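So you can see what is in the structure, the chains are spelled out below.
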Amino acid sequence: MRIEYHPSGIYLPDSNLWMDSREPVEVNWISHAHSDHARGGHQRTYSSVKTLRFLQLRDAEAQNAPQNATVLADREWFDLGNGTRIQPVPCAHIIGARQLLVESGGERLCYTGDIKLKASLLGSATEIVPCDHLIIESTFGLPIYSFLSAQEAASRIVDFAAKCLRKQEIPVFLGYGLGRGQEIVHVLTNAGIPVAVHGAIGKLIPAHEVSGYAFPGWEPYNPNKLSGKALVVVPGFKEVLEGLDIAIRIAYVSGWAMLDHSRARTGAEELIPYSDHGDFSELLEIVDRSGAKKVDVVHGYTEPFANILRQKGIDARAARVESFAEEDT
Amino acid sequence: MDEFALTCERIAATGSHLEKIAILAEYFSQLDDENLTRAIRFLTGNPVASAPREQTLFGFEDPPKLAIGHATLRRALQLATGWDLETLRQCQRAVGDTGETVGHLLRDRSKGENLPLCLAEDLLFQLLAERQPTRRESLLVEAFKRHRPLALKYLVKSLSGNFRIGLLSKMVEEAVALSTASPIADLRAANNLAGDLAKTAIAARKGQLSQIEVRLFHPMDFMLAKPLPDPLPDTVLKTLSAGSWLVEDKYDGIRVQVHIENGLVEIYTRGFERVTSTFPELVHAFGSMTGAAILDGEILAWQGDRSLPFTVLQQRLARKKVNRSMMESNPVVFVSYDILYRDGRLLLDCPLEERRSCLEQALSRTKIRIAPQSRLQDVTTLEMLFGHARANGNEGLILKQSGSSYETAKRSGSWLKIKKVFATLDVVVTAAEQGHGKRASMLSDYTFAVLDGNQYLNIGKAYSGLTDTEIRDLTKLLKSIVIGRYGNRVLQVVPSVVLEVGFDGIQRSLRHKSGFALRFPRILRWRTDKAPKDCDTLDRVRDLYESTLNLTANRNIDKE
């Protein structure tokens, strides 16, 4: 199967199918709702039902809701009508994230999108599908990266919040608007800790509740009512909080929190290395269990990760595309 | 090392200085004397300080230093983990710290044996004694496989002495004071005399701080001058008029401390670096001095009766060992202006005038120069005195308060310096480089250029002066305008960011395309209000350069 890597996305010319294209195209698959993967303006869009819900929420504001969106059911083939059929496969990353299995000319290709193997706090577990050709991300594709499990991360998050509150300090968690932010709010509220949530994170909580996750008793951020609460805010909001006359302690929950120098970058004291991307050993395991003979690596440490795979006897290459914006910050 | 490492991790995980000190003090108080000594030596980047060192005919041997290169560490890591060198290089680059990389890569690979501090020290002694690289590697590999990753992270960090946990050396002193219930001022003073915090800590434990005696041949703290704003505000002028002040020229050389005893001479810089072998003629000049002394002063490039530009001195500094022709082409002198110790007597608390006469006496039978000093009669003469100082090739003026003691704790205000920015330029950033340590994830070093016709010609590089927030914003902006890459770290960018830089001088240089280089360039402001076409031109740079030539023309020192 021919694959083209363009700065705007991945293209399968034999099937006339784009994956995560950032430019308007004829037919596009959206793996998940993070904005660097999901852009509007295509003539036809395929995605999971939950991804579509996020996009409609987000784009209703921008008045740019996806046109001609088709929702594909998990583990069911959908025929594109040109000798290609596609099938979404459950994937741990954020709610709604799916891998895409593409079958064409007797060959099976799997595009992971963003993926982790260990269970996430919110969303599906990853199912690994046997394939001939795998396109996998490598945001954390170096052996230095090894993350906490969801349970370990949850107890670190709760412990940190409780410790700060005991000392009359305000614990602040930095997490981006879709995914990490809600995971943290979910963990804290279910541990009975009062939480104030930044608007960008809060507005997507109802869409998570629809999926069956509880967020009991969270409140929107209000600068006049902060004491005794944990704050969950987007990273850019840190400067605003530092401008207030309150004692805050920042925790950074991210894959990048693996590295000590992330403290300097984020101003965090507590580092909780947990991500909705797989760590190094998870990525290796996904490659291994897929049985793919050919592997293309996109995003992040593409060259070093492909190099490591080649040493294991896999026909791997780094896809040379302009990297998508770094979202895990 | 395991407890030590856990303590360091806890220190890193709080931004509060007081908490850092409290954590360290608590750890210190759990250690016996021997382990306290070891822990302090590890923390102060001197883990093998207690290895034997010899006094030779020409002075002391260099203190033992464990020079384990990146290459040795990487090969040991390769052997211990099985990762190829390219992967290791990528990991090292992502992490930005060798110890931390070691810790990450050895996760789940070691046997998890304890590494007591005495064993860690012993391992370092073995590495120190081992000259053969392959044997050193196997010592490291063995340790890598045996002990816990966290202990190894800090063992490797202690080789460079750079822990990157936000712990300043003065905070280690405070932790010692806290854990031994000693007043911090007493502890600092004692440590300044002993030059050995571990020894000082043990004395503090026994309540014997006052018994610590001055020991020569370790650099003591320097007294620093507080910079005065330019032009001098009225409040400062008032303070100066009200008090009694002595004036000296501020020299443009290298500030050093010279220790002399029984014919032995050592010279230390403000960075506490020993530079004795770079200046053999100075060692010789002190030969005629009797008794013991610690002198404070400045090394200057010198010819006839005046000092030469700093560049001449710089060429000397580039050499560890100098030959005769270098000594002739780039002659240096030491100009002394203070004395801290004389024949068993510590002079730090003596008034300035008393130290001065002691200095004059000590040097009476030598040819060592003493900085001319005069009493400030009237603040209105400062402008004229400044002009004289500049005409003599010096940087500015230094004012010393009459009767003041030699205060090393902070810039006390008893010494004041008047120094003017030579000029400022608006320049355009053409390339940016990843920083180190705390700034490893940011673009914090900038190469900048001036305009010549319609092209930008590089003239220098600077990495200080902006706030962390500004650097973060600038990093974001610069990353969006990258047009190329030199090597691994340097990004070439579209010339669009304008910075105002101040500097102390200008000289010809082959390093930059403009043909000029700036001395001590520092970023004063990010000029968001200016477009690149508004930046300064090469013509202006040329004019500035010529103006300095005129100033020094009659000195015939420009060797262009």
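Just so it is clear, the structure is predicted and the values come from calculations on it, not from any experiment. (Residues numbered from 1 in each chain as written. Chains lettered and ligands numbered in written order. Predicted model: local features only at pLDDT ≥ 70, side-chain atom pairs only at ≥ 80, totals over all residues.)

**Q** What exactly am I supposed to notice about the overall build of chain B here?
**A** Scanning chain B for helices and strands turns up 20 helices and 23 strands. On C-alpha atoms alone, chain B measures out to a radius of gyration of 26 Å, which is about the 24 Å that the 2.2 N^0.38 rule sets for 560 residues. Overall, the C-alpha framework of chain B stretches about 70 × 65 × 50 Å when taken along its three principal axes. For chain B, the proportion of its 560 residues judged to be buried stands at 38%. A fraction of 67% describes how many contacts in chain B between residues 6 or more apart in sequence connect residues 24 or more apart. (Helix = DSSP H or I, 4+ residues; strand = E, 2+ residues; numbered from the N terminus. Rg over C-alpha atoms; globule rule 2.2 N^0.38 Å. Buried ≥ 20, exposed ≤ 12 C-beta atoms within 10 Å, placed from the backbone. Contact = placed C-beta atoms within 7 Å.)

**Q** Honestly, the overall build of chain A in this entry has me stumped. Any pointers?
**A** Counting its regular elements, chain A contains nine helices and 19 strands. Here the C-alpha radius of gyration of chain A, 20 Å, is about what a compact globule of 329 residues would show, namely 20 Å. Its C-alpha atoms put chain A at 65 × 45 × 30 Å along the principal axes. Within chain A, contacts between residues separated by at least 24 positions form 60% of all contacts whose residues are at least 6 apart in sequence.

**Q** Where do I start with the domain arrangement of chain A in this structure?
**A** How big an interface is tends to be reported as the loss of accessible area on association of its parts. All names here are of chain A. Domain assignment breaks chain A into domain 1 (4–144 + 277–318) and domain 2 (150–273). Taken together, the contact between domain 1 and domain 2 spans 17 residues of the former and 15 residues of the latter. Partitioning the side of domain 1 that touches domain 2 into residue classes produces ten nonpolar, four polar and three charged. (Domains from an automatic or database assignment. Nonpolar A, V, L, I, M, F, W, Y, C, P; charged D, E, K, R; others polar.)

**Q** Explain the domain arrangement of chain B here, please?
**A** Taken domain by domain, chain B holds domain 1 (46–160), domain 2 (226–419) and domain 3 (423–550). The centre of domain 2 of chain B, based on its C-alpha atoms, is set 33 Å off from the matching centre of domain 3 of chain B.

**Q** What is the right way to look at the pairing of strand 17 (residues 270–273) of chain A in this model?
**A** Residue and element names in this part refer to chain A. With burial as the criterion, each face of strand 17 is covered, one bearing Glu-270 and Ile-272 and the other bearing Leu-271 and Pro-273. With four bridges joining them, strand 16 (residues 248–254) and strand 17 adopt parallel strand pairing. Directly across from Ala-251, in strand 17, lies its bridge partner Glu-270. (Pairing = 2+ DSSP bridges.)

**Q** Would you mind going over the interface of chain B and chain A with me for this structure?
**A** The partner chain A presents 16 residues to the 24 residues of chain B that form the contact. At the level of secondary structure, the elements contributing two or more residues to the side of chain B that touches chain A comprise helix 5 (85–95) and helix 6 (98–105) of chain B. When residues in the side of chain B that touches chain A are grouped by element, the largest group, six residues, is from helix 5 of chain B. Looking at side-chain class alone, the side of chain B that touches chain A contains eight nonpolar, eight polar and eight charged residues.

**Q** Got a minute to help me understand the packing of helix 3 (residues 33–43) of chain B against helix 7 (residues 117–129) of chain B in this structure?
**A** Think of two packed helices as two axes; the pair is described by the angle between the axes and how far apart they sit. All names here are of chain B. Relative orientation of the contacting elements helix 3 and helix 7 amounts to 50°, with a least axis distance of 10 Å. Viewed along their axes, helix 3 and helix 7 adopt a mutual orientation that is oblique. The two elements helix 3 and helix 7 cross, and the hand of that crossing is left-handed. Seen from helix 3, the contacting residues are Asn-35, Arg-38 and Ala-39; seen from helix 7, they are Leu-117, Cys-118 and Glu-121. The residue makeup of the contact of helix 3 with helix 7, split by class, is three nonpolar, one polar and two charged. (Axes fitted to C-alpha atoms, helices over the stretch in contact; angles between N-to-C directions. Parallel < 35°, antiparallel > 145°, perpendicular 65-115°, else oblique. Left-handed = near helix turned anticlockwise from the far one by under 90°.)

**Q** Honestly, the packing of helix 4 (residues 70–81) of chain B against helix 8 (residues 133–146) of chain B in this entry has me stumped. Any pointers?
**A** Residue and element names in this part refer to chain B. The N-to-C vectors of helix 4 and helix 8 enclose an angle of 50°; their axes lie 9 Å apart at closest approach. If you check the angle between helix 4 and helix 8, you find them oblique. Read as a crossing pair, helix 4 and helix 8 show a hand that is right-handed. Between helix 4 and helix 8, the residues in contact are Thr-72, Leu-73, Arg-75, Ala-76, Leu-77, Leu-79 and Ala-80 and Pro-133, Arg-136, Glu-137, Leu-140, Val-141, Phe-144 and Lys-145, respectively. For the contact of helix 4 with helix 8, the class distribution of residues is nine nonpolar, one polar and four charged.

**Q** What is the right way to look at the confidence of the model for chain A in this model?
**A** Parts of the prediction with low pLDDT should not have their coordinates interpreted in detail. Residue and element names in this part refer to chain A. Here chain A shows a mean pLDDT of 92. Residues at 70 or above account for 95%. For chain A, per-element mean pLDDT is lowest for helix 1 (residues 49–62), which scores 81, and highest for helix 8 (residues 280–290), which scores 98. This stretch, residues 322–329, has a pLDDT under 50; its non-local contacts, to residues over four places away or in other chains, come to 19 contacts. (pLDDT = per-residue confidence, 0-100.)

**Q** What am I meant to see in the environment of B:Ala185 here?
**A** The residue B:Ala185 is located in helix 11 (residues 184–194) in this model. For the pair B:Ala185 and B:Lys170, spaced 15 residues apart in sequence, the C-alpha separation works out to 11 Å.

**Q** What is the right way to read the sheet that holds strand 10 (residues 107–111) of chain A from this model?
**A** The pairing of strands in a sheet comes from backbone hydrogen bonds and takes either a parallel or an antiparallel form. Residues and elements named next belong to chain A. Pairing in this open sheet of seven strands is mixed, and the strands run 7-8-9-10-11-18-19 from one edge to the other. The sheet is open, and its two borders are formed by strand 7 (78–79) and strand 19 (315–318), each paired with just one other strand. As paired strands, strand 9 (residues 98–104) and strand 10 are joined by five bridges and run antiparallel to one another. For Ser-104, the partnering residue across the bridge sits in strand 10 and is Glu-107. Here helix 8 sits on the sheet and contacts strand 10, strand 11 (133–138) and strand 18 (294–300); the angle it forms with strand 11, its principal contact strand, is near 175°.

**Q** Honestly, helix 8 of chain A in this entry has me stumped. Any pointers?
**A** A turn of α-helix holds 3.6 residues, and therefore any two residues three or four places apart point the same way. Regarding helix 8 of chain A, the residues found buried are A:Phe280, A:Glu282, A:Leu283, A:Ile286, A:Val287 and A:Ser290. Trailing helix 8 of chain A by a residue or two, A:Gly291 shows a phi angle of about 70°, which is positive.

**Q** I tried to follow the nonpolar core on my own but got confused; where do I start?
**A** Nonpolar side chains in soluble globular proteins tend to end up buried together. Core analysis: the largest hydrophobic core is formed by 153 residues, its most contacted members being A:Ile157, A:Phe173, A:Val232, A:Val253 and A:Ile272. Discounting residues that sit within four places of it in the chain, A:Phe173 has contacts with A:Ile157, A:Ile184, A:Ala230, A:Leu231, A:Val232, A:Ala251 and A:Val253. Within the second largest apolar cluster, 41 residues are counted, among which are B:Trp245, B:Leu308, B:Val333 and B:Tyr341. (Core = buried A, V, L, I, M, F, W, Y, C linked by C-beta atoms within 7 Å.)

**Q** I keep staring at helix 17 (residues 352–362) of chain B and nothing clicks. Help me out?
**A** Residues and elements named next belong to chain B. Among all positions in helix 17, only Arg-355, Leu-359 and Ala-362 are buried. Buried positions in helix 17, seen along its axis, are confined to an arc of 65° and lie on one side of it. Opposite the packed face of helix 17, turned more than 90 degrees from it, sit the exposed residues Ser-357, Glu-360 and Gln-361. (Arc of directions from axis to C-beta.)

**Q** Before we go on, may I ask you to explain the confidence of the model for chain B in this structure?
**A** Residues and elements named next belong to chain B. A residue-level look at chain B finds 94% of positions with pLDDT of 70 or above and a mean pLDDT of 87. When the criterion is pLDDT under 50, residues 551–560 qualifies, and its contacts beyond four places in sequence or with other chains add up to eight contacts. At the level of chain-chain contacts, confidence expressed as ipTM amounts to 0.92, with global pTM at 0.77.

**Q** Explanation requested: the sheet that holds strand 1 (residues 4–6) of chain A in the structure shown.
**A** Residues and elements named next belong to chain A. Within the open sheet, the six strands sit side by side as 1-2-3-4-5-6. Their pairing is mixed. The open sheet has two free edges, formed respectively by strand 1 and strand 6 (69–71), since each of these has just one partner strand. Ignoring strand direction, the axes of neighbouring strands in this sheet form an average angle of 25°. With three bridges joining them, strand 1 and strand 2 (residues 9–12) adopt antiparallel strand pairing. Within strand 2, the residue paired with Tyr-5 across the bridge is Ile-10.

**Q** Would you explain the environment of B:Leu538 in this entry?
**A** Residue and element names in this part refer to chain B. Secondary-structure assignment places Leu-538 in helix 20 (residues 538–552). The buried category is assigned to Leu-538, around which 20 C-beta atoms lie within 10 Å. Look past the residues within four positions of Leu-538 in its chain and what remains in contact with it is Val-450, Asp-452, Leu-457 and Ser-514.

**Q** When you look at unusual backbone geometry in this model, what are you seeing that I'm missing?
**A** Leave glycine aside and you will find that most residues have negative phi; peptide bonds, for their part, are mostly trans. Residue and element names in this part refer to chain A. Non-glycine residue Asn-16 carries a positive phi angle of around 45°. Take Asn-16: it is sitting in the loop between strand 2 and strand 3 (17–19). By C-beta crowding, Asn-16 is classed as partly exposed, having 14 other C-beta atoms within 10 Å.

**Q** Where do I start with the environment of A:Tyr176 in this structure?
**A** Topologically, A:Tyr176 is positioned in the loop between strand 12 (170–174) and helix 3 (180–190). For the pair A:Tyr176 and A:Leu148, spaced 28 residues apart in sequence, the C-alpha to C-alpha distance is 18 Å.

**Q** Help me understand the pairing of strand 12 of chain A, please; the structure alone is not making it clear to me.
**A** The side chains of a regular strand alternate, residue by residue, between the two faces of the sheet. Residues and elements named next belong to chain A. With five of five residues buried, strand 12 is to be regarded as a mostly interior element. On strand 12, burial covers both faces: Ile-170, Val-172 and Leu-174 on one face and Pro-171 and Phe-173 on the other are all buried. Direction of pairing for strand 12 relative to strand 16: parallel, over a ladder of five bridges. Bridge pairing in strand 16 places Pro-171 opposite Arg-249. The pairing of strand 12 with strand 15 (residues 230–233) spans three bridges and is parallel. The residue of strand 15 that forms the bridge with Leu-174 is Val-233.

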